[in-house]
Amino acid sequence: MIRTVESEQHVSAPVLAAYSYCETVTGQQARNFAYGIRLLPTPKRRAMSAVYAFSRRVDDIGDGALAPDVKAARLEDTRALLSRVRDGQVDEDDTDPVAVALAHAAEQFPIPLGGLDELIDGVLMDVRGETYETWDDLKVYCRCVAGAIGRVSLGVFGTEPGARGAERASEYADTLGLALQLTNILRDVREDAEGGRTYLPADDLAKFGCSSGFDRPIPPEGSDFAGLVHFEVRRARALFAEGYRLLPMLDRRSGACVAAMAGIYRRLLDRIEREPEAVLRGRVSLPGREKAYVAVRGLSGLDARHVSRRTVRRRV
């Protein structure tokens, strides 16, 4: 069982300012994520904003226009900062608000900071321009950049006392991260291609005649692009189904947060499945009202109850 701190304790002005900065970054840069964490109690919401702000910094280095060797050096500098956080060497008056907020969050919750090291490893894979021959290869990358964040987030959420199967909570959080990342990869296939990146496994691309890439707003000539997308959608749905088993293990508001974030991506997946070629024309997104509906559904506990009933039926 993973426990977390629920009660609001006194937080100093410098730490509050650091959290405020991280929440601003989260609100501006991660609207889907922000929809989910607003359902959390204040201490957890602040901690998750600190995790996001650090993760955003790492991603921004990888996505920036710097030379690969400069990116790698900056990522190692960020890893050194993470080590300072882990070792308790960041003071409240430190000039880096993300470090201050993350250090405070790590004091309040059992956050496995090693997951953020894995994130840095994953972004270094991007910097090196790695490609992936098989799904097993891609899973390594997805676990670094998304599964690890699922496990880090679980350190903030915690599990309910006595939750059945809680010993597998970290595994389910990791799997849910993979589902979100594969959905991201499908949504951003054109944008990534324009940036010189290909994430989908080479053997899947070859199977559906898409090895030439996605640098145009139409599918590669002679390809079965829809078949490729539907194949990857089925894979993502299987990951969601497995990862959703985490929900009944969480308290109501943490479960609502996870259900909201995952629900938004599942609806994105529905849209991509209905119109595969849309991802070649631009980024597929959901309107705000639909995101709000997903958040309300998560807060109601409908998804968690559905998973619980399905799990009980399987046991019977």
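Details of the structure are given in the entry above.
This one's a predicted model, so the numbers in the text were calculated from it and none came from an experiment.

On the surface, Asp91, Glu92, Asp93 and Glu107 cluster together to form a negatively charged patch. Within the secondary structure, Asp93 is located in the loop between α4 (68-86) and α5 (97-108).

With that settled, consider helix α1 (residues 13-29). In a regular helix each residue adds 1.5 Å, so 17 residues correspond to 24 Å; α1 covers 24 Å between its end C-alpha atoms and thus fits that length. Looking only at α1, the buried set comprises Val15, Ala18, Tyr19, Cys22, Val25 and Thr26. All buried residues of α1 lie within an arc of 115° about the axis, which places them on one face of the element. Facing away from the buried side of α1 by more than 90 degrees, the exposed set consists of Ala13 and Gln28.

It is worth spelling out the environment of Asp251 at this point. Turning to its location among the elements, Asp251 is positioned in the loop between α11 (225-243) and α12 (252-274). Between the C-alpha atom of Asp251 and that of Thr159, which follows or precedes it by 92 residues, the distance is 6.8 Å.

With that settled, the discussion passes to the layout of surface pockets. Within this model, the largest pocket holds a volume of roughly 1500 Å³. Along the walls of the largest pocket sit 50 residues, with Asp59, Gln181, Asn184, Arg187 and Tyr265 positioned nearest its centre. At the level of secondary structure, the elements contributing two or more residues to the lining of the largest pocket comprise α1, α2 (31-37), α3 (42-63), α6 (114-127), α7 (135-157), α8 (169-187), α9 (189-194) and α12.

Take the packing of α1 against α3 next. Two numbers describe how α1 lies on α3: the axes approach to 8 Å, and their chain directions differ by 65°. As summarised for this structure, α1 and α3 are arranged roughly perpendicular, according to the angle between their axes. By crossing handedness, the relation of α1 to α3 is classed as left-handed. The segment α1 lies against α3, with Leu16, Tyr19, Cys22, Glu23, Val25, Thr26 and Gln29 engaging Arg45, Arg46, Ala47, Ser49, Ala50, Tyr52, Ala53 and Arg56. When grouped by side-chain class, the residues that make up the contact of α1 with α3 number eight nonpolar, three polar and four charged.

Bringing the packing of aromatic side chains into the picture now. Taken as a whole, this structure holds six aromatic pairs when the rule is applied. A centroid spacing of 6.5 Å and a plane angle of 10° characterise the contact between Tyr132 and Tyr199, whose relative ring orientation is stacked. Remark: Tyr199 occurs in the loop between α9 and α10 (202-207) and Tyr132 occurs in the loop between α6 and α7; sequence separation between them is 67 residues. Per residue, the accessibility class of Tyr132 equals that of Tyr199, and both read buried. Centroid distance Phe208 to Phe231: 5.7 Å. Interplanar angle 45°. Geometry classified as tilted. Of this pair, Phe208 sits in the loop between α10 and α11 while Phe231 sits in helix α11, placing them 23 residues apart in sequence. A residue is classified by how much of its surface remains accessible, and Phe208, at 14% relative accessible area, is buried. Linked through ring pairs, Tyr132, Tyr141 and Tyr199 together constitute an aromatic cluster. A cation over a ring is seen here: Arg266 above Tyr244, with NZ or CZ 4.9 Å from the ring centre.

What counts, and where the lines are drawn
- Residues numbered from 1 in each chain as written.
- Predicted model: local features only at pLDDT ≥ 70, side-chain atom pairs only at ≥ 80, totals over all residues.
- Heavy atoms only, no water.
- Patch = residues over 30% accessible without salt bridge, like charges linked within 9 Å, V, L, I, M, F, W, Y side chains within 5 Å.
- Areas by Shrake-Rupley, 256 points an atom, 1.4 Å probe, with all protein chains shown as cover.
- Salt bridge = Lys/Arg side-chain N within 4 Å of Asp/Glu carboxyl O.
- Lys, Arg positive; Asp, Glu negative; His and termini not counted.
- Charge placed at Lys NZ, Arg CZ, Asp CG, Glu CD.
- Helix = DSSP H or I, 4+ residues; strand = E, 2+ residues; numbered from the N terminus.
- Expected span 1.5 Å × (residues − 1).
- Buried < 20%, exposed > 50% of the residue type's maximum accessible area, 1.4 Å probe, protein only.
- Arc of directions from axis to C-beta.
- 1 Å grid on protein atoms, 1.4 Å probe; cavity = no way out; pocket = protein on both sides within 12 Å on 5 of 7 lines; lining within 4 Å.
- Points joined across faces, edges and corners; volume = space filled by probe spheres on them.
- Axes fitted to C-alpha atoms, helices over the stretch in contact; angles between N-to-C directions.
- Parallel < 35°, antiparallel > 145°, perpendicular 65-115°, else oblique.
- Left-handed = near helix turned anticlockwise from the far one by under 90°.
- Contact = heavy atoms within 4.5 Å.
- Nonpolar A, V, L, I, M, F, W, Y, C, P; charged D, E, K, R; others polar.
- Phe/Tyr/Trp six-rings, centres within 6.5 Å; stacked < 30°, edge-to-face > 60°.
- Lys NZ or Arg CZ within 6 Å of the ring centre and 35° of its normal.

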